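Below, each chain spelled out in residue letters.
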Amino acid sequence: MEFPALHQKVNDAPLVYFDHAATAQKPRKVIDAMTRYYEFDNANVHRGVHHLSQRATRAYEEARMKTVRFIGAEDPSEVIFTSGTTASINLVAQSWGSAHLQAGDEVLVTGLEHHANLVPWQMICTRTGAHLKIVPVNDLGEVSTESVAQMLHSKTRIFAFSWISNALGTINPAHEWVRLAHEKGITTLIDAAQVVAHQPIDVHNLGVDFLCFSAHKMMGPTGVGVLYGKKSILETLEPVVGGGDMIDEVTYEKSTWADLPYRLEAGTPNIAGVIGLSAAIDFLESIGWSNIERRESELLQYALLKLGSIPQIRFIGQPNNRAGVISFVVDGVHPYDLGTLLDEQGIALRTGHHCAQPLMHHFGISGTCRVSLALYNTLEEIDQLEKALIRALRLMGKVQAQ
Ligand SMILES: Cc1ncc(COP(=O)(O)O)c(C=O)c1O
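Everything numeric here is computed off the predicted structure, so don't read it as measured data.

K.L.:
Got a minute to help me understand the site of the ligand in this structure?
P.N.:
By nearness alone, every residue bordering the ligand is listed as Gly84, Thr85, Thr86, His114, Ala116, Asn166, Asp191, Ala193, Gln194, Ser214, His216 and Lys217. Interatomic distance of 2.6 Å between a side-chain N/O atom of Thr86 and an oxygen atom of the ligand. Within the contact set of the ligand, a nitrogen atom lies 2.5 Å away from a side-chain nitrogen or oxygen of Asp191. Protein burial of the ligand: of its 390 Å² of free accessible surface, 86% is covered by the chains. Tallied by class, the residues present in the shell around the ligand amount to two nonpolar, eight polar and two charged.

K.L.:
How should I be thinking about the domain arrangement of the chain in this particular structure?
P.N.:
A common measure of how large an interface is: the accessible area buried when the components associate. In terms of domains, the chain is made up of domain 1 (4-18 + 288-395) and domain 2 (29-285). With 30 residues of domain 1 at the contact, the number on the domain 2 side is 29 residues. Summed over both sides, the interface between domain 1 and domain 2 buries roughly 2,400 Å², with carbon and sulfur atoms accounting for 61% of that surface. Among the residues of domain 1 in contact with domain 2, Trp289, Cys355 and Leu359 are the three that bury the most area, contributing 26% of the side total. Counting every contact that joins domain 1 to domain 2 gives zero salt bridges. With five residues, the single largest contributor to the side of domain 1 that touches domain 2 is helix α12 (residues 357-362). Residues belonging to the side of domain 1 that touches domain 2 are distributed by class as follows: 16 nonpolar, ten polar and four charged.

K.L.:
Quick question: what am I supposed to make of the packing of aromatic side chains here?
P.N.:
The description of an aromatic ring pair rests on the distance of the ring centres and on the angle between the ring planes. Tallied over the entire structure, the rule returns eight aromatic pairs. Considering the side-chain rings of Tyr37 and Tyr38, the 5.1 Å spacing of their centres and the 55° angle between planes classify their relative orientation as tilted. The buried category is assigned to Tyr37, whose relative accessible area is 5%. Exposure remark for Tyr38: the relative accessible area of 52% places this residue in the exposed category.

K.L.:
Could you clarify how one ought to interpret the sheet that holds strand β7 (residues 156-162) in this entry?
P.N.:
Sheet strands line up and pair through hydrogen bonds in the backbone, either parallel or antiparallel. Taken in spatial order, the seven strands of this open sheet run β4-β10-β9-β8-β7-β5-β6, and their pairing is mixed. At either end of the open sheet lies a strand with only one pairing partner, and these are β4 (79-82) and β6 (131-135). In this sheet, adjacent strand axes meet at a mean angle of 20° when their direction is disregarded. Of the strand pairs in this sheet, strand β5 (residues 106-110) and β6 are connected by five bridges, and their pairing is parallel. Pairing of Thr110 across the sheet is with Val135, part of β6. Of the strands in this sheet, β4, β7, β8 (187-191), β9 (210-214) and β10 (225-229) are in contact with helix α3 (residues 85-100), which crosses β9 at around 155°.

Thresholds, definitions, all that
The written sequence of each chain sets the order in which its residues are numbered from 1. Per-residue local features of the predicted model are confined to residues with pLDDT of at least 70, and side-chain atom pairs are confined, for both listing and counting, to 80 or more; whole-chain, interface and lining totals are unaffected and use all residues. Values reported for side chains reflect all heavy atoms of the structure, with hydrogen atoms and water molecules removed beforehand. Whether a residue is near a molecule or strand is decided by its heavy atoms; if any one of them lies within 4 Å of it, the residue is near. In the analysis that follows, any N or O atom pair within 3.5 Å is treated as a polar contact, provided that within protein one partner can donate a hydrogen and the other can accept it, and provided that, for residues neighboring in sequence, both atoms belong to side chains. Computed with a 1.4 Å probe, the accessible areas rest on the Shrake-Rupley method; for each residue, only the protein chains presented here act as cover. Gly counts as polar in this scheme, as do all residues outside two lists: the nonpolar Ala, Val, Leu, Ile, Met, Phe, Trp, Tyr, Cys and Pro, and the charged Asp, Glu, Lys and Arg. Boundaries between domains were set according to an automatic or database domain assignment. Throughout, a contact is declared for two residues whenever any of their heavy atoms are within 4.5 Å. Two parts lose some accessible area (1.4 Å probe) when they are put together, and adding that loss for both gives the buried area. Salt bridges are defined by distance alone: a side-chain nitrogen of Lys or Arg within 4 Å of a carboxyl oxygen of Asp or Glu. We count a stretch as a helix when DSSP gives it H or I for four or more residues in a row; a strand needs E for two or more, and each element gets its number in order from the N terminus. In summary, the pairing rule links any two rings of Phe, Tyr or Trp, Trp by its six-membered ring, whose centres are within 6.5 Å, and it sorts them by plane angle into stacked for under 30 degrees, edge-to-face for over 60 and tilted for everything else. Only protein chains enter the accessibility calculation, which uses a 1.4 Å probe; a residue is then buried when its area is under 20% of its type maximum, exposed when over 50%, and partly exposed in between. Two strands qualify as a pair provided DSSP detects at least 2 bridges between them. To obtain each axis, a line is fitted to C-alpha atoms, and for helices this fit is confined to the stretch in contact; angles are then taken between N-to-C directions over 0 to 180 degrees.

Below is the structure:
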């Protein structure tokens with residue numbers, strides 16, 4: 001029972017979980033690591049001389065070192081623990097944005113963004129008078145590098161983009177886009193929320209200035225994530241949250257800040273969550289990236305074949321370079337209704353706008369059904385999905401009863 005939650009029945013059918021992109025199921029090792037912390041080591045970090053506090057602090061800082069290695073960072077001060085991708089992007093938008101954006105400047109994002117990489121930029125643009133610019137998406141659900149190159153210009157201060165789209169699965173050429181932006185002296189941020197569980201990340205090789213991800217998308221716990229930033233840039237950031245743990249000295253008149261990374265981690269952190277993140281890294285590495293990539297690619301090709309063989313299904317986005325995410329609609333059927341009929345057969349997939357409303361508007365729809373795949377899925381589950389879909393379509397009168 002490596003993934004305990006997967007071993008259950010839903011509506012009298014064995015659960016088939018295709019909602020990995022929203023949140024991944026957790027392996028036993030992650031659950032055990034967090035339980036062990038609460039059962040034996042529970043104490044606050046960085047504050048106590050007592051044994052438990054030292055053990056908790058050691059586990060917390062070891063997790064940071066592991067994360068540094070996991071993403072190819074150079075120094076523990078480059079890894080800030082946050083509550084997730086959303087918090088990481090907001091931190092950059094608020095702190096870096098307040099210092100670097102002024103009226104007339106431009107912030108560039110793509111038309112593929114999750115709201116987490118859109119709304120924080122809207123907020124800081126409203127405050128500073130900067131303009132938010134969007135690189136358009138084509139009908140395949142791709143953003144062309146030519147368009148990116150054209151829209152990166154002297155007014156652009158930061159280019160923030162998702163490496164993999166959660167809504168369509170499009171994989172963007174992150175290395176090339178970072179290089180193009182840096183050639184023009186533009187700061188870069190990568191939303192890697194959909195990347196961490198699926199392929200290795202090497203921030204050094206990417207050269208990116210900021211990179212954000214959430215533990216729960218990589219089989220770790222909810223409520224914890226990472227902001228990676230180049231040390232030279234993080235050192236210039238003013239904290240946006242003040243309180244315990246982030247200070248050097250406090251008087252009633254003023255306070256001075258602790259060194260990185262603590263300066264940007266005010267308050268008691270999500271200690272159990274960070275320990276769970278560390279266990280999730282161990283889990284992914286124990287399987288190995290080549291195994292993960294091979295398995296997910298096999299699942300994706302099979303799912304595209306099976307879903308593509310159902311004539312009523314219309315794919316939304318057909319990117320040439322795609323991760324294990326497939327969005328589709330059936331014309332005349334609300335995604336929610338289809339999702340409910342699949343749930344009745346034990347199949348969990350996501351329906352709705354996937355926190356990408358502007359992208360849905362681009363395709364002239366309010367939402368899609370989304371299948372997202374992970375290494376714990378099987379080819380048999382995809383066969384079950386195909387059967388369940390045909391059954392649901394028959395119930396809705398979209399397929400002739402035989
Ligand atoms: C591409 C992308 N960015 C950002 C987020 C936000 O992540 P979180 O809700 O963990 O902060 C998600 C979550 O679905 C996502 O898929």
